[in-house]
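If you want the building blocks of each chain, they are given just below.
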Amino acid sequence: MPHLVILYTPQIEHQTDMSALCRRLADTMLTVKDDAGAQVFPTGGTRVLAYPAAHHATTDGSGDHAFCYLNLRMGRGRSAAVHQRAGEALVATAREHFAPLLASRPIGLTLQIDKGPEVFDGKFGNLHPLFARP
Amino acid sequence: MPHLVILYTPQIEHQTDMSALCRRLADTMLTVKDDAGAQVFPTGGTRVLAYPAAHHATTDGSGDHAFCYLNLRMGRGRSAAVHQRAGEALVATAREHFAPLLASRPIGLTLQIDKGPEVFDGKFGNLHPLFARP
Amino acid sequence: MPHLVILYTPQIEHQTDMSALCRRLADTMLTVKDDAGAQVFPTGGTRVLAYPAAHHATTDGSGDHAFCYLNLRMGRGRSAAVHQRAGEALVATAREHFAPLLASRPIGLTLQIDKGPEVFDGKFGNLHPLFARP
């Protein structure tokens, strides 16, 4: 944790650079600060994964309507102000990335942040020590 | 919001038309009414995305057991009667679509509706105005 | 229900056998017992689905940092002890599977269990009777 998962309709695959969007969103996550000015999302735990759908249907089918849904799952214990700050920063980044598409085609965009409802949480990788704060 | 995401084992990819299933489910979503008779799911926000798994394992591995999981995430503030109505309508559509498969192969089917637990919700696309109610 | 969904960065696709991981995790799920010694996850409802991302970004981009996220969604009504037991069993299996990768490359691994927040739950497949307990 945290992770951002992007689900999207595949017709935009060659109309925008989704790998670049992933990188920009990860970079944005790393800039979010808590109320004391400390980094909210640990560098070693930050990841963005994007998945074009194999099949899809949108709206009433009356046009070539694309969709991109962005979901950030984060740990519990953060204030509403942090949620708001993270959401606004990510929307700003996504809005900038999608500006050319928004100007040229119909596309729905939603970004949501969930507080994870986990009842078990196990971490057993080796990344965090690489980014340990001094 | 709302969106319906379908996760399935890939052996059914060429045994049924998943794109047609997506369209039928989106059409079904658009027919669901609230207690006052108004459309529950806004046309401009309705989307269905389907994803075959790259790898999978099912049951105890004793046979070629397929699975298809359908998850509708919808906004908060709807009554239990609306959840029930939406769920029953979608199950009816999926059951009809999968009838030939249910008659010819082992397959597990689950449809769940979640009320989204989001702590931030940003929409910034351009689809809704296309479907504004007069 | 239950299902385990695995989301991962695609550079590990050819460094480890994800199909084997799915099978091992499903087998592990089938061994989990409740406080009375009964099987927690019904055989006919157990499935594991794995999805490599099409695009991704991890950490601060300073290296080839892989991630694998494992999420088990299970029904409500189980004790915290069952959650803990299931989580520890699955982490042990995944840790063993990933041991060669953990020894040879940077990789983040997280396994979480969620109690499903569903407001509607429909099952309409034909698998459960195949595994009915005598």
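Each value, and the rule that gives it
Residues numbered from 1 in each chain as written. Chains lettered and ligands numbered in written order. Predicted model: local features only at pLDDT ≥ 70, side-chain atom pairs only at ≥ 80, totals over all residues. Helix = DSSP H or I, 4+ residues; strand = E, 2+ residues; numbered from the N terminus. Buried ≥ 20, exposed ≤ 12 C-beta atoms within 10 Å, placed from the backbone. Contact = placed C-beta atoms within 7 Å. Least-squares fit on C-alpha atoms with pLDDT ≥ 70 in both. Axes fitted to C-alpha atoms, helices over the stretch in contact; angles between N-to-C directions. Parallel < 35°, antiparallel > 145°, perpendicular 65-115°, else oblique. Left-handed = near helix turned anticlockwise from the far one by under 90°. Nonpolar A, V, L, I, M, F, W, Y, C, P; charged D, E, K, R; others polar. Pairing = 2+ DSSP bridges. Expected span 1.5 Å × (residues − 1).

Chemist: An account of the overall build of chain A is needed here, citing residue identities and associated values.
Modeler: Along the backbone of chain A there are 2 helices and 6 strands. Its helices and strands in sequence order give chain A the pattern β-α-β-β-β-α-β-β, from N to C terminus. The proportion of buried residues among the 134 residues of chain A is 45%. In chain A, 80% of the contacts between residues at least 6 apart in sequence involve partners at least 24 apart.

Chemist: Explain the relation of the copies chain C and chain B residue by residue, including any values.
Modeler: Screw-axis analysis of chain C against chain B gives a translation of 0.0 Å along the axis, an RMSD of 0.0 Å, and a rotation angle of 120 degrees. Classification of the inter-copy transformation places it as that of a three-fold axis. In this assembly the copies use different faces: only 6% of the residues contributing to the interface of chain C also contribute to that of chain B.

Chemist: I'd love a proper account of the packing of helix α1 (residues 18-31) of chain B against helix α2 (residues 80-104) of chain B, names of residues and values included.
Modeler: Residues and elements named next belong to chain B. Put simply, α1 and α2 touch, their axes get as near as 9 Å, and they point 155 degrees apart. As the angle between them shows, α1 and α2 are arranged roughly antiparallel. Like other packed secondary-structure pairs, α1 and α2 cross with a definite hand, here right-handed. Where α1 approaches α2, its residues L21, R24, L25, T28 and T31 are matched on the opposing element by A89, L90, T93, A94 and H97. When grouped by side-chain class, the residues that make up the contact of α1 with α2 number 5 nonpolar, 4 polar and 1 charged.

Chemist: Give a description of the relation of the copies chain C and chain A that names residues and reports values.
Modeler: Expressed as a screw transformation, the operator carrying chain C onto chain A has a rotation angle of 120 degrees and an axial translation of 0.0 Å, and the superposed copies differ by an RMSD of 0.0 Å. A share of only 6% of interface residues in chain C that are also interface residues in chain A marks the association as one of differing surfaces.

Chemist: Describe the sheet that holds strand β5 (residues 107-115) of chain A, with residues and values.
Modeler: With respect to topology, 6 strands assemble into an open sheet ordered β6(B)-β5(A)-β4(A)-β1(A)-β2(A)-β3(C), the strand pairing being mixed. Edge strands, defined here as strands with exactly one partner in the open sheet, are β6 (118-123) of chain B together with β3 (55-58) of chain C. Across the sheet, the axes of successive neighbouring strands diverge by a mean angle of 10 degrees, strand direction being ignored. In terms of strand pairing, strand β1 (residues 3-8) of chain A meets strand β4 (residues 66-74) of chain A through 6 bridges, oriented antiparallel. From the neighbouring strand, Y8 of chain A faces β4 of chain A, where its bridge partner is C68 of chain A. The strands touched by helix α1 (residues 18-31) of chain A within the sheet are β1 and β2 (47-52) of chain A together with β3 of chain C, with β3 of chain C carrying the most contacts at an inclination of about 25 degrees. The strands touched by helix α2 (residues 80-104) of chain A are β4 and β5 of chain A together with β6 of chain B; relative to β5 of chain A, the strand with the most contacts, the crossing angle is about 160 degrees.

Chemist: Which residues make up unusual backbone geometry, and what are the values?
Modeler: Phi at T59 of chain A takes a positive value of approximately 45 degrees, unusual for a residue other than glycine. Within the secondary structure, T59 of chain A sits in the loop between β3 (55-58) and β4.

Chemist: Any details on the interface of chain C and chain B? Residues and values, ideally.
Modeler: Contacts between the two partners involve 33 residues from chain C, matched on the other side by 32 residues from chain B. Every element with two or more residues in the side of chain C that touches chain B is listed here: β1 (3-8), α1 (18-31), β2 (47-52) and β6 (118-123) of chain C. Split by residue class, the side of chain C that touches chain B holds 18 nonpolar, 10 polar and 5 charged. Both strand β3 (residues 55-58) of chain B and β2 of chain C contribute to a ladder of 4 bridges, which runs antiparallel. By the bridge assignment, H56 of chain B is partnered in β2 of chain C with L49 of chain C.

Chemist: Provide a residue-level description of α2 of chain A, including the pertinent values.
Modeler: For α2 of chain A, built from 25 residues, the straight-helix expectation of 36 Å at 1.5 Å per residue is met to within 8% by its first-to-last C-alpha distance of 35 Å. Where α2 of chain A is concerned, the buried positions are H83, A86, G87, L90, T93, A94 and F98 of chain A. Looking at the buried positions of α2 of chain A, the neighbouring elements they touch are α1, β4 and β5 of chain A together with β6 of chain B.

Chemist: Provide a residue-level description of the interface of chain C and chain A, including the pertinent values.
Modeler: Each side of the interface is counted separately: chain C has 32 residues, and chain A has 33 residues. Elements represented by at least two residues in the side of chain C that touches chain A include exactly β3, β4 (66-74), α2 (80-104) and β5 (107-115) of chain C. Of the residues belonging to the side of chain C that touches chain A, the class tally is 15 nonpolar, 13 polar and 4 charged. Alignment of strand β6 (residues 118-123) of chain A against β5 of chain C, held across 5 bridges, turns out to be antiparallel. The residue of β5 of chain C that forms the bridge with D121 of chain A is Q112 of chain C.

Chemist: Could you give an account of the sheet that holds strand β5 (residues 107-115) of chain B, with specific residues and numbers?
Modeler: Ordered in space as β3(A)-β2(B)-β1(B)-β4(B)-β5(B)-β6(C), the 6 strands form an open sheet in which the pairing is mixed. Two strands in the sheet have a free side with no partner beyond their single neighbour: β3 of chain A together with β6 of chain C. Strand-to-strand twist in this sheet, taken as the mean axis angle between neighbours without regard to direction, amounts to 10 degrees. Strand direction decides the pairing type here: strand β1 (residues 3-8) of chain B and strand β2 (residues 47-52) of chain B, joined by 6 bridges, are parallel. In the sheet register, H3 of chain B faces β2 of chain B, and the bridge partner there is R47 of chain B. Here α1 of chain B sits on the sheet in contact with β3 of chain A together with β1 and β2 of chain B, set at roughly 25 degrees to β3 of chain A.

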